[in-house]
Amino acid sequence: MMYGYEWDTTTWLTYTISILPIILIGLTVTLKAAVAGFAIALSLGLAFALLRRSRVTAISWTTAFVVEFLRDTPLLVQLFFLYYVLPEFGIVLPAFLTGALALGLQYAAYTSEVYRGGIEAVQRGQWEAATALNLTRMQTYRDIIIPQAVPRIVPAMGNYLVAMIKETPVLSVVTVLEMMGLATMIGERTFEYLVPLTLVGLIFLLLTLICSAGLHRLQKALPKAGIPMR
Amino acid sequence: MDWTAYLPMLWKGAVVTMTITLAAIAVGAALAFFFGILRVEGGAILSTIALCYTEVFRGTSLFVQLFWFYYALPLVGISFDPITTGILVLAAHVGGYGAEIVRGALSSVSPQQLEAARALNFSRYQTLFRISLPQAVVEMMPAFGNLAIETLKLSSLVSLISIADLTFSAQSIRNLTLDSTSIYSVTLVCYFTMSLVLMMAMKVVERFVRRGDVMPRPGQS
Amino acid sequence: MTDAINEPIIEFSNVTKRFGILTVLDQFNFSVAKGEKVTLIGPSGSGKSTVLRILMTLEPFQEGSLRLANISYHEERGKGPFQASERHLREIRKHVGMVFQSFNLFPHMTVLRNVVEAPVRVLGMGRADAEARAIELLDMVGLADKKDHYPVQLSGGQQQRVAIARALAMRPRVLLFDEPTSALDPQLVGEVLSVIRSLAHEHDLTMLLVTHEMRFAREVSDRVCFFDKGRICEQGSPEEIFGAPREERTREFLSSVLA
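Residues numbered from 1 in each chain as written. Chains lettered and ligands numbered in written order. Predicted model: local features only at pLDDT ≥ 70, side-chain atom pairs only at ≥ 80, totals over all residues. Heavy atoms only, no water.

In the UniProt entry, the feature "transmembrane region" (unreviewed entry) is given for residues 15-38 and 182-201 of chain B. Along residues 182-201 of chain B one finds 100% helix and 0% strand; the C-alpha atoms at either end are 28 Å apart. (UniProt positions renumbered as here; feature names shortened; annotations may be inferred. Helix = DSSP H or I, 4+ residues; strand = E, 2+ residues; numbered from the N terminus.)

As enumerated under the stated definition, the model contains 28 salt bridges over all chains in all. Note that Glu-59 of chain C is salt-bridged to Arg-53 of chain C, the shortest N-O span being 3.2 Å. Under the relative-accessibility criterion, Glu-59 of chain C is labelled buried at 16%. Overlapping salt bridges, with partners in common, bring together Arg-124 and Glu-128 of chain A together with Lys-17, Arg-53 and Glu-59 of chain C in one network. (Salt bridge = Lys/Arg side-chain N within 4 Å of Asp/Glu carboxyl O. Buried < 20%, exposed > 50% of the residue type's maximum accessible area, 1.4 Å probe, protein only.)

Another aspect to go through is the side chain of Ser-182 of chain B. All names here are of chain B. Within the fold, Ser-182 resides in helix α8 (residues 180-210). Accessibility expressed as a relative area gives 18% for Ser-182, which makes it buried. Beyond its immediate chain neighbours, meaning those up to four positions away, Ser-182 contacts Trp-3 and Tyr-6. (Contact = heavy atoms within 4.5 Å.)

The next point concerns the interface of chain A and chain B. The interface is formed by 38 residues belonging to chain A together with 39 residues belonging to chain B. Note on chain A versus chain B: buried area summed over both sides is about 3200 Å², and carbon and sulfur give 74% of it. Our count for the contact surface shared by chain A and chain B stands at zero salt bridges. Where chain A touches chain B, the interface holds twelve residue pairs in polar contact (both at pLDDT 80 or more). Those elements that place two or more of their residues in the side of chain A that touches chain B are α2 (57-71), α3 (75-85), α4 (95-120), α6 (137-167), α7 (179-190) and α8 (194-221) of chain A. Considering every element that reaches the side of chain A that touches chain B, the biggest residue donor is α8 of chain A, with nine residues. For the side of chain A that touches chain B, the class distribution of residues is 23 nonpolar, eight polar and seven charged. (Buried area = accessible area lost by both parts, 1.4 Å probe. Polar contact = N/O pair within 3.5 Å; in protein donor to acceptor, adjacent residues only side chain to side chain. Nonpolar A, V, L, I, M, F, W, Y, C, P; charged D, E, K, R; others polar.)

As structure tokens, this is what we get:
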């Protein structure tokens, strides 16, 4: 895709300016991957957390094992696994989706623990009061447990989002052209890695700082009227 | 091809992975304590330097750091062999996270302990090394355990700077045999096993650190 | 004891409840008439709270049978002899309400929503109707002016009064009180007891009360049951139990708590 581009490598400043547009295109891919991965992580993690609480021991133990396995093996190898093994079973996904799925799976293992902690922090008396008022299990989760768990889990979830953004460069190894993939490509073309890699590093640093600040504000804005946080 | 045929080569890779992981944990722990203590005790200038270290290494993605030190630094005349680069970058990365753990644990030591130390006229260094740190280390252990597993997992990224670790071996075998399913399954199980071993090792370290720790803890009356 | 000897609304027969190897209720028999106000007293661990928790379907039991308002706690064609489907249990819960020792108000909801939530969700009442009724009930417990407060902003006594209003909003036929004043500072006990006392005049409401407030038990109950080791050791009118206990264990217990 980069044939026809000329990079002006005369000084670091001109070089930066000439590659910036391409890197920013990569940034949008990075962010899309993080958002897609995080959406998967949030929903799958909740499913894991609820299955983990199942009264059927076969289900809860299997889920516990799957979560532990996902948590204790590298994202990169999981990604290779999905990328090379899924097609052998007839499932051919675009590289971007495979990447988002790998991110989502790995982080679902983390988020499920956050959900679990948040749900377990709600006192047992709350379940009993809900039972005494004859709420269904669904209603109890929806109206009583989850609203109390959310303010407790948002900070941890936010931290995982930030962590996930920083792991998106892994997707470049399966040909997804996000920021990092583009930066190394430019480096290969010009034999000048310092500027593109530093630029990408700085953008990540900026993203991290912005996200952390945003998270801090969100945490303050959350409705947590009356909920004991510890 | 029978998957057991891959095992010798994977074993070699696993040894490299273990070596890099353990070395990075050792160096990373040293960095974590050094910068973590600086954050709390360093005074304005030193603690700002420590803050920059943690923010940069936590904020810029290990992937970028590895490539930066591998490809970019040699261009300005600094270069190490790949293994050393891998270990140092991984150590600096997890050291950044570790420094935050150390800082958090140190600042959660109860003020009464510090007042007691002052009342006994301990010097600042005596207070730090005899009172604060021994108590804080116990608090750090669970988080350090997680960080150790994280280090093992992240070590797979060094395969991308052509170090022949477990992931790299798996990739090479796959490129030869195209037998993806068994190769990657075995590799995942290898990593999982190493994680479990590392977890147990960290539990042993934790028990060692906790010896003589008689403070009541949650869950213990 | 007015017209208490009509048909029973609660009937335990030979109920046995175990926690692991510990037998909490042993071949337990007990029945309560419609509208009766019964107080359960006894040393802690004697099984009185367990009776309420079984009635509220918070605990299963292992043997015997239990009926409430003529509904068995075991389904005829249920999964096993001592299990019932969630659907069946919800049928039972329509008739019972419970006030807990630790209030268990929902901390993320205002006082008003605490009272309105279940009538709207479970009984399907319109929100406006439910709110009007909730305000009536809050007025009855003297807290209508606190309707927009959150539970943490209230004292323990006020929280417990809200919890009583919340339970009443479901129009239960049987109301269970599990040590409703044990978690309160002594100076807040009175306000909660006076609310319960006013309910004791409700003709139709059946009340089961576990308490350590002996003077109060004497005043409001039709019947007092003294529990010991998973059985009812002695029961009778308050005058009998507090005035002339027959059993040695009862005398010991009463002298220890009244001393």
